[in-house]
Amino acid sequence: MSVHLSHLTLSHFRSHQRTRMVFDGRPVAIHGPNGSGKTNILEAISLLSPGRGLRRATPDEMVRRPQALGWKLRAEFATQDGPRLAETWAEPGQSRQVRIDEKSTTQLALGSLAPMLWLTPAMDRLWLEGAEGRRRFLDRTTLSFAPDHAAQVLAYDKAMRERNRLLRDGVRDARWFAALEAQMAEAGARITANRRAALAALADHADPDSPFPMAEMTLDCTAPDDLASALAENRARDMAAGRSLIGPHRADLRAVWTAKGMEAAQCSTGEQKAFLISAILANARALSAQTGTAPILLLDEVAAHLDAARRAALYDAVCAMGAQCFMTGTGPELFAELGLRAQAFAVAEKDGVSQLSEEYP
Amino acid sequence: MADARDEIDALIGQFARLPGLGPRSARRMVLHLLQRRDQALRPLVMALDRVAQTAQPCQRCGNIATAPICDICADPRRATGEICVVEDVADLWAMERGQAFTGRYHVLGGTLSALDAIGPDDLRIPQLLDRIASEGVREVILALGATVDGQTTAHYIAEALEDSGVTLSALAQGVPVGGELDFLDDGTIGAALRARRAF
Ligand SMILES: Nc1ncnc2c1ncn2[C@@H]1O[C@H](COP(=O)(O)OP(=O)(O)OP(=O)(O)O)[C@@H](O)[C@H]1O
Ligand SMILES: [Mg+2]
Ligand SMILES: [Zn+2]
């Protein structure tokens, strides 16, 4: 069985005062009315991986109001090497802390517990909005395959910020520029290679029989092969702009619906959603093939846009992979096709506090 | 009596602000010193006073010395034609503890950082160029951190030395990201030095 979350306790986390859940590794369907606290549970799980979670919120936004006394999550994972205990919390005004197996550690260490992928309604407009969101989606996907990707992105970003400062201060020390450009080129080449490898892995693990239309995703990157020389040539223009105009930080992700040869942005809302679902399923399959264990999937309101046939296909795909997939929806009928293959939880809100109960058929 | 207590509290406060110490260890140290006035406290006062009067940066390499030229620069056996460039004195001490390097050092006093407003003129780079000519240096070993700032500084020095005719090398990979030399154990430093590569 894949690595999975076996216990989760939310304390003073958003609408949850104290919510305790026990999981057995099957997919998990959570239903309840709007505002009952479903997404909050998925956000809590996403904080068991490095970063700011699926809402990209600050620790202070997550604390239960009006008390605002700090929040805490406690989770147990079932792994091949036995149970692992992860705790993360934040005191008011402080950054978030992490302990794994009773030892204080960094957020990055959470990455070693269980790979995690998510899809949220906020990503529905991914293909319509600015390149930044697509780059973030691409880099999260890439990071799931290449753990060094985060360090490369951080190094590139730091060298670029240093160079931008030189540009804005009007510094004309060619050696200093060259030293920073050499590092942007080195990290930039790794970033581009990692991104291309990730897209190739997605293409390799696409399921041609799936009812989800597959989009062919390509990296739209104008960064030249010899980035160091190109940056050196571009210094005057960059100085006028006050920032670096070329490089992988300007890359974009393009998606074209393979069957129709149509740009994702031109496709219907449901079709655009389907591209993301097929991408995340391909990502999960590729990771399972590489590591022997399926990632944990967080699919917020994924059932809402899908017709019954596609819902059933999604559930079959998730179950076939053996992934612990957390899904939310407003009513239990959205998960009927899962039957006994999933655990079911009902959430309701009472006096501003989320109430949770497991449902047995 | 209240005055003595205040002064001792102030002393504990000063110790507690030192790196690696907290209020608990500071209280234990001060109590230890007070209880051994002659064996511990007075010798410490004298040692501190001597160092306060004599400690100064070595005019050549930037090491902390008790004379204008430090022991390493003054020792003719260390004129091997190799200079190891480090970020700060803590890194020099770490290299010396490793006992793997027999040449001389050059302490930059920081790393290049536009965001922190540290430019080439704030580091001892011109002095390094002077020494290469005057000391007959054949090899410059860059022992700078694997951080972006450390590597920017390494690239900068490499460019500046391009026409000087010296061999340039860098400590072998394996220095962790953000892990400055001072935190590496002595054996690791020796291994990184032996496996140094052309830069
Ligand atoms: N910091 C907080 N303290 C207390 N309550 C909060 C906090 N942050 C959010 N909430 C509340 O949590 C409730 C549940 O939010 P959540 O997004 O989990 O709902 P949901 O069940 O996913 O609803 P929907 O079906 O509309 O997506 C909301 O009513 C929101 O106001
Ligand atoms: Mg929701
Ligand atoms: Zn010296």
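### Here we look at the overall build of chain A
Item 1. Check the secondary structure of chain A and you find nine helices and 15 strands.
Item 2. For chain A, whose C-alpha radius of gyration is 22 Å, the value lies close to the compact-globule estimate of 21 Å for 361 residues.
Item 3. In chain A, which comprises 361 residues, the proportion classed as buried is 45%.
Item 4. In chain A, the proportion of contacts linking residues at least 24 apart, taken out of those at least 6 apart, comes to 71%.

### Some details on the sheet that holds strand β5 (residues 139-142) of chain B
All names here are of chain B.
Item 1. Ordered by their spatial adjacency, five strands build an open sheet running β4-β3-β5-β6-β7, and the pairing between neighbours is mixed. The sheet is open, and its two borders are formed by β4 (104-107) and β7 (197-198), each paired with just one other strand.
Item 2. As paired strands, strand β6 (residues 167-170) and β7 are joined by two bridges and run antiparallel to one another. Pairing of S169 across the sheet is with A198, part of β7.

### A short note on unusual backbone geometry
Item 1. Of note, the amide linkage connecting R65(A) to P66(A) takes the cis form, showing an omega dihedral of 5°.
Item 2. Unusually for a residue other than glycine, E102(A) sits at a positive phi of about 70°.
Item 3. Within the secondary structure, E102(A) sits in the loop between β6 (97-100) and β7 (103-105).
Item 4. C-beta crowding within 10 Å serves as the criterion here: with 7 such atoms nearby, E102(A) is assigned to the exposed category.
Item 5. One non-glycine residue with positive phi stands out, namely Q99(B), at about 50°.
Item 6. Note on Q99(B): 10 C-beta atoms within 10 Å, which makes it exposed.

### Digging into the interface of chain A and chain B
Item 1. Between chain A and chain B, the contact holds 16 residues from the first and 13 residues from the second.
Item 2. Of the residues forming the side of chain A that touches chain B, the biggest block, eight residues, is contributed by helix α4 (residues 149-169) of chain A.
Item 3. Of the residues belonging to the side of chain A that touches chain B, the class tally is nine nonpolar, one polar and six charged.

### Notes on the sheet that holds β7(A)
Residues and elements named next belong to chain A.
Item 1. Ordered by their spatial adjacency, six strands build an open sheet running β2-β1-β4-β5-β6-β7, and the pairing between neighbours is antiparallel. In this open sheet, the two edge strands, each paired with only one partner strand, are β2 (16-22) and β7. Shown here is a sheet whose adjacent strand axes are inclined to one another by a mean of 20°, direction ignored.
Item 2. The pairing of strand β1 (residues 4-13) with β2 spans six bridges and is antiparallel. Paired with H7 across the two strands is V22, which belongs to β2.
Item 3. Where helix α1 (residues 38-46) meets the sheet, it contacts β1, β2 and β4 (71-79), and its direction lies at approximately 115° from that of β1.

Quick notes on the rules
- Residues numbered from 1 in each chain as written.
- Chains lettered and ligands numbered in written order.
- Predicted model: local features only at pLDDT ≥ 70, side-chain atom pairs only at ≥ 80, totals over all residues.
- Helix = DSSP H or I, 4+ residues; strand = E, 2+ residues; numbered from the N terminus.
- Rg over C-alpha atoms; globule rule 2.2 N^0.38 Å.
- Buried ≥ 20, exposed ≤ 12 C-beta atoms within 10 Å, placed from the backbone.
- Contact = placed C-beta atoms within 7 Å.
- Pairing = 2+ DSSP bridges.
- Nonpolar A, V, L, I, M, F, W, Y, C, P; charged D, E, K, R; others polar.
- Axes fitted to C-alpha atoms, helices over the stretch in contact; angles between N-to-C directions.

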